[in-house]
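Structural features, examined
So you can see what is in the structure, the chains are spelled out below.
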Amino acid sequence: MPGWIEGADITCLEVDAPLAVALGSVKLRRLSARRPLGVRASVLSVAAPAPVDERQLAALAEALDGVRPAWVVVPLGFSRTAEVLLGAPMPVLPAPQVLDVVVGRVGGIRRRLGCPVLLENFVHFFPTLADGSEREFFCGVCRESGAGMALDVTALLVNARNHDFDPTSWVRAPTADLVYQIRLGGYRGAAPRQLDDAAEPVASDVLALAAAVAARAPLRAVVVSSDHALASRTRCAATIAQVRSTVAARDACSPRDSA
Amino acid sequence: MLAPGFGVSAVARVAADAHLFVLDDCGVLLSEGRQELYVLNAPAAFVWCRVEDGADADAIVRGYADTFGVSVADARRTVVDLLYRWQGLGLLDGVGVGGATPIDLLTALGRLLTTPSLRGRFAEAPGETARHLPLPAGDAARLVRLGPGVLDAQAWLLEQRRGAARGRGPHSDAAGPVDPCAGPARPAVVRRYRLLDSSIELRCSSTEIAALIGPLFAHLASPSGPEAPLVVEVADASPGWVVRSPDLPSLHCPDRTELAPLVKSAVRRLALARHRYFVQIHAAVLAAGDRCLVLPAAAGSGKTTLAAALAQAGLSYFSDEYALLEQPTMAVRPVPLPLTVKSGAADVLASRFPRLAELPVHRREDDQLVRYLPPPGVLPSPDTRFPIAWVVFPRFEPGRTTSLSALGRALALERLLEHSLVLPQALDRDAVGALVRWMRGVECFELILDDLDSAVQRIMMLCATR
């Protein structure tokens, strides 16, 4: 984690779960005393065939002991099976029995970590985006579990281009009513193989879509998840200023590296 | 007579990039394409070896049942499921028998997304491949509806993510100054140290800071070295200090209690980055005579406390953090940075190191309060290279009787791979072969640790046996 981040002009901070575990509870308590602290736990696969990795969850719970994190963000997908670690989240193929399992696991994470759970979308190539089933499933899980949505606006825009659907369908009710957080980053490439990319700056079209979401959603935070922005204090400040002027909501920076 | 579904000509083939290495009665299976290692227990290793021998499924099942004393039905279930799993991961091909236990759709997706050959077969014959995974009819239909194009695109995304994760480095402030006061200044104190093959020049902006940091490295003092030194500078940044080096990101330090840990980390990173090694094990290392003892354990497990006590008892201190094995000998070199003693451990070690309480307390980035204990005894020369004779996994369990028990090498390797072992290079047949040959030559143990004196006694007795 860059040393200057603690003194940066941001109003909340998010760390990845491996970094949180490496920093430990003493350090995290100090960080959370200054400003709300969130955690992104992509290591917790809520939709994997097997239950949530107990060892990972226990390590994270120990690191968060006494911290009272503002939120934990978990991708709505699976990143491992019993045989392989995939290294990135894969989307769920929606089904009623899957919904029940995921709702139960989300509740378990919330109770174990003692903080709100936000479910995150991400870039992928399954057809559940274009046919709308993913959006419906997402809303169903949020409503049934009480989780909020951490809408990755960059991923939404990239998916919309790759799958040729209108991203504003996620901006309208009832979906927008569940969005408690928006996440912003860069992208690269072109449809149908465009990807979100933390090394790229946050583009103006992402900010425009974010502003549209912010106008309708009960936002509590805007998270800039960008290696580009975090390369230096100067760049971070410039990105935050750009976000503030466009989205005009709460802001944060999210260091992505593990210790 | 076997049940229907078996063909006498059902002979699977080992993939060209899959290699098994025998370790005691178990196996270490390398997939070069997947860059993965699997530790196989004895039954799984048996099945693999029979496949390598060219045995058909019938023969493997019969042999399994005879060897492990199970029914033919149980043997068939185990063998067939194993063969299908290995085929799904691209380790085998041509598995032509039926009767495998159906897998779930997400497991099937995991196999398809990570096994190009399986995706290729799915592209040619989606329905047949889906049924052969095997998937139940409903899930097979869902998979076929997804189509090979979706799977190829998703697999491509996974590769992009893995590549990004490999390439992601530490944050850098290279784009701008750390703080307005940073700039070239004449250092007040300059000292040189040797760590591994690196000469490191530490430049401090004041004698006060030099007095704070210098004792950490005093035992590594080396007035001159064979090559230009790597520089670490601690400069005044008012407020605070900046720790910088041309080879590392600069770090601002607002509090003097946090300075020594940052400098220690910088010195360690520089020396390790320059050092060529085959395997890194996160472990304490000590030597008894010309053989090394390695104590792999997670942070907070008590290995530094144990290492300090063993060094004070007469073993030669190499490191409390890293065992760096060099090819081709797999010998280790000393990395004798000071021992990092946390608050709880300081009480335990007080009787052995009466002056420990007088050492300054420093705050690490994780907010742990630590003291840096200079290594006791005579240090080995930096060029010393000793082989590892013993791997002992310490586990602190208060209330249990301290005991040292033998551990199977395959299980030991599995533990090392899971928690402690880093292979900086790509996995290939030669590298894994060297790793397994090394493991065959070491004795492995588990140490249940409650009382430090008893633990030291047991370890010293072990080291006296060779």
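So, here is what we can say about the structure in this document. (Residues numbered from 1 in each chain as written. Chains lettered and ligands numbered in written order. Predicted model: local features only at pLDDT ≥ 70, side-chain atom pairs only at ≥ 80, totals over all residues. Heavy atoms only, no water.)

1. Some words on the overall build of chain A
Where we set the bar: For helices the rule is a DSSP run of H or I covering at least 4 residues; for strands it is a run of E covering at least 2, with both sets numbered from the N terminus onward. With C-alpha atoms as the basis for the radius of gyration, the globule rule is written as 2.2 Å multiplied by the number of residues raised to the power 0.38. When accessible area is computed with a 1.4 Å probe and restricted to protein chains, residues below 20% of their type maximum are described as buried, those above 50% as exposed, and intermediate ones as partly exposed. Note on definitions: a residue-residue contact is assigned when non-hydrogen atoms from the two residues lie within 4.5 Å. Only the protein chains shown count as cover for residues, and the accessible areas themselves come from Shrake-Rupley with a 1.4 Å probe.
Within chain A, the regular secondary structure consists of seven helices and twelve strands. Relative to its length of 259 residues, chain A is compact, with a C-alpha radius of gyration of 17 Å against a globular reference of 18 Å. The burial tally for chain A puts 61% of its 259 residues in the buried class. Across chain A, every contact between residues at least 6 apart in sequence was considered, and the portion connecting residues at least 24 apart equals 78%. Put simply, chain A shows about 9,400 Å² of open surface, and 51% of that area lies on carbon and sulfur atoms.

2. Observations concerning the overall build of chain B
What counts, and what does not: Under this rule, positive means Lys or Arg and negative means Asp or Glu; His and the chain ends count for nothing. One atom stands in for each charge, and that atom is NZ of Lys, CZ of Arg, CG of Asp or CD of Glu.
For chain B, the helix and strand inventory stands at 15 helices and 22 strands. With the principal axes as the frame, chain B shows a C-alpha extent of 85 × 55 × 40 Å. Buried residues in chain B amount to 52% of all 466 residues. Long-range pairs, those at least 24 residues apart, make up 67% of the contacts in chain B between residues at least 6 apart in sequence. With an accessible surface of roughly 20,100 Å², chain B has 53% of that area assigned to carbon and sulfur atoms. The positive charge centre, built from 48 side chains, and the negative charge centre, built from 50, are 1 Å apart in chain B.

3. So, the packing of aromatic side chains
Applicable threshold: When the centres of two rings from Phe, Tyr and Trp lie within 6.5 Å, Trp using its six-membered ring, the rings pair. Their planes under 30 degrees apart give stacked, over 60 give edge-to-face, and anything left gives tilted. For a lysine, the NZ atom is tested; for an arginine, the CZ atom; a charge sits over a ring if that atom is within 6 Å of the ring centre and within 35 degrees of the ring normal.
For the structure shown, the criterion picks out eight aromatic pairs over all chains. When the centroid spacing of 5.9 Å and the interplanar angle of 25° are considered together, the rings of Phe318(B) and Phe386(B) count as stacked. Here the residue Phe318(B) occupies a position in strand E13 (residues 316–319), and Phe386(B) occupies one in the loop between strand E18 (369–373) and strand E19 (388–396), the gap between them amounting to 68 residues. Of the two residues, Phe318(B) and Phe386(B), both sit in the buried class. Each member of the aromatic cluster is reached from another via a ring pair, and the members are Phe46(B), Tyr64(B) and Phe68(B). Arg220(A) extends its terminal NZ or CZ atom over the ring of Tyr180(A), reaching a point 4.3 Å from the ring centre. Across the ring face of Phe393(B), the terminal group of Arg415(B) is positioned such that the distance to the ring centre comes to 5.4 Å.

4. Observations regarding the sheet that holds strand E6 (residues 189–195) of chain B
All names here are of chain B. Counted only if it meets this: Here, strands pair whenever DSSP counts at least two bridges between them. Note on definitions: angles span 0 to 180 degrees between N-to-C directions of axes, and those axes are lines fitted to C-alpha atoms, for helices only across the stretch in contact.
Spatially, five strands are ordered E6-E7-E8-E9-E10 in an open sheet, and the strand pairing comes out mixed. Looking at the sheet topology across the chains shown, the edges are occupied by E6 and strand E10 (248–253). Taking the axes of each pair of neighbouring strands and ignoring which way they run, one obtains an average angle of 15° across the sheet. Of the strand pairs in this sheet, strand E7 (residues 198–204) and strand E8 (residues 230–236) are connected by five bridges, and their pairing is parallel. Looking across to E8, one finds that Leu202 is bridged to Val232. Along the sheet face, helix H9 (residues 207–217) touches E6, E7, E8 and strand E9 (241–245) and points at about 15° away from the line of E6. Sheet contacts for helix H10 (residues 259–274): E6, E7, E8, E9 and E10; angle to E8, the most-contacted strand, approximately 160°.

5. Here's the deal with the pattern of salt bridges
Residue and element names in this part refer to chain B. The line we're drawing: One side-chain nitrogen of Lys or Arg within 4 Å of one carboxyl oxygen of Asp or Glu is enough to make a salt bridge.
Tallied over the entire structure, the rule returns 42 salt bridges over all chains. A salt bridge links Arg203 to Glu201; the shortest N-O distance between them is 2.7 Å. Its relative accessible area of 28% is what places Arg203 among the partly exposed residues. Its salt-bridge partner being Glu326, residue Arg385 comes within 2.7 Å of it at the nearest N-O pair. Of this pair, Arg385 sits in the loop between E18 and E19 while Glu326 sits in strand E14 (residues 322–326); the two residues are 59 residues apart in sequence, bridging distant segments of the chain. Three or more residues joined by partner-sharing salt bridges are found here, namely Arg194, Asp197, Glu326, Arg333, Asp383 and Arg385.

6. Remarks on the interface of chain B and chain A
To keep it simple, the criterion reads: We define buried area as the total accessible area lost by two parts upon association, computed with a 1.4 Å probe and summed across both. Whenever two N or O atoms come within 3.5 Å, that pair is a polar contact, provided that in protein one can donate a hydrogen and the other can accept it, and provided that, for residues adjacent in sequence, both atoms are side-chain atoms. For this scheme, ten residues count as nonpolar: Ala, Val, Leu, Ile, Met, Phe, Trp, Tyr, Cys and Pro. Four count as charged, namely Asp, Glu, Lys and Arg, and the remainder, Gly too, count as polar.
Counting residues at the interface gives 38 residues for chain B and 43 residues for chain A. Surface buried jointly by chain B and chain A totals about 3,600 Å² across both partners, of which 56% is contributed by carbon and sulfur atoms. At the boundary of chain B with chain A, the tally comes to six salt bridges. The closest approach of N and O atoms between Arg30(A) and Asp367(B), which form a salt bridge, is 3.7 Å. The interface formed by chain B and chain A holds nine residue pairs in polar contact (both at pLDDT 80 or more) in total. Mapped by element, the contributors of at least two residues to the side of chain B that touches chain A are helix H4 (105–114), helix H7 (137–146), helix H8 (148–167) and helix H13 (409–420) of chain B. A per-element tally of the side of chain B that touches chain A places H8(B) first, with ten residues. Its residues placed into classes, the side of chain B that touches chain A shows 13 nonpolar, nine polar and 16 charged.

7. Concerning the sheet that holds strand E2 (residues 18–23) of chain B
All names here are of chain B. Reading across from one edge, E2-E3-E4 is the order of the three strands in this open sheet, with antiparallel pairing throughout. With one partner strand each, in any of the chains shown, E2 and strand E4 (36–40) form the two edges of the open sheet. Between one strand axis and the next, the sheet turns through 20° on average, direction left out of account. Helix H14 (residues 429–440) contacts E2, strand E3 (26–31) and E4 of the sheet and is inclined by roughly 10° relative to E2.

8. Some thoughts on the environment of Arg244(B)
All names here are of chain B. Here Arg244 lies in strand E9. Look at Arg244 and you get buried, because its relative accessible area is 17%. For the pair Arg244 and Ser205, spaced 39 residues apart in sequence, the C-alpha separation works out to 12 Å.

9. Examining the layout of surface pockets
Inclusion rule: Residues are called lining when one of their atoms sits within 4 Å of a cavity or pocket point, these points coming from a 1 Å grid over the protein atoms alone, where a cavity is a set in which a 1.4 Å probe fits but cannot get out and a pocket is an open set with protein on both sides within 12 Å along at least five of seven lines. Grid points are joined across faces, edges and corners, and a volume is the space filled by probe spheres set on the points.
In this structure, the second largest pocket encloses a volume near 290 Å³. Looking at the second largest pocket, it is lined by 16 residues, and the ones nearest its centre are Ala47(A), Val98(A), Asp104(B), Leu105(B) and Leu106(B). For the lining of the second largest pocket, the secondary structure elements donating two or more residues are helix H3 (96–113) of chain A together with H4 and H7 of chain B. Top contributing element to the lining of the second largest pocket by residue count: H3(A), with five residues.

10. Section: the pairing of strand E6 (residues 117–120) of chain A
Residues and elements named next belong to chain A. Note the following rule: Handedness of a crossover is defined as follows: with both strands directed away from the viewer, a clockwise route from the first strand across the helix to the second makes it right-handed.
Along E6, one buried face is formed by Val117 and Leu119 and the opposite face, lined by Leu118 and Glu120, is buried too. The pairing of E6 with strand E7 (residues 148–152) spans three bridges and is classified as parallel. Bridging from a neighbouring strand, Leu118 pairs with Gly148 of E7. Read from E6 through helix H4 (residues 133–145) to E7, the crossover connection turns out right-handed.

11. Some points on empty space enclosed by the protein
Tallying each qualifying case throughout the model produces four cavities of 30 Å³ or more. Taken as a whole, the largest cavity holds about 90 Å³ of empty space. Lining of the largest cavity is provided by Leu76(A), Pro91(A), Val92(A), Pro94(A), Glu120(A), Asn121(A), Phe122(A), His124(A), Thr128(A), Glu134(A), Phe137(A) and Phe138(A). Here the lining of the largest cavity takes three residues from H4(A), the largest share from any one element. Here the residues of the lining of the largest cavity sort into seven nonpolar, three polar and two charged. By volume, the second largest cavity amounts to about 70 Å³. As for the second largest cavity, its lining consists of Val232(B), Val243(B), Arg244(B), Ser245(B), Leu248(B), Pro249(B), Leu251(B), Leu262(B), Ser265(B), Ala266(B) and Arg269(B). Element by element, the count of residues in the lining of the second largest cavity is highest for H10(B), at four residues. Class assignment for the residues of the lining of the second largest cavity results in seven nonpolar, two polar and two charged.

Nothing here speaks to function; it is all geometry.
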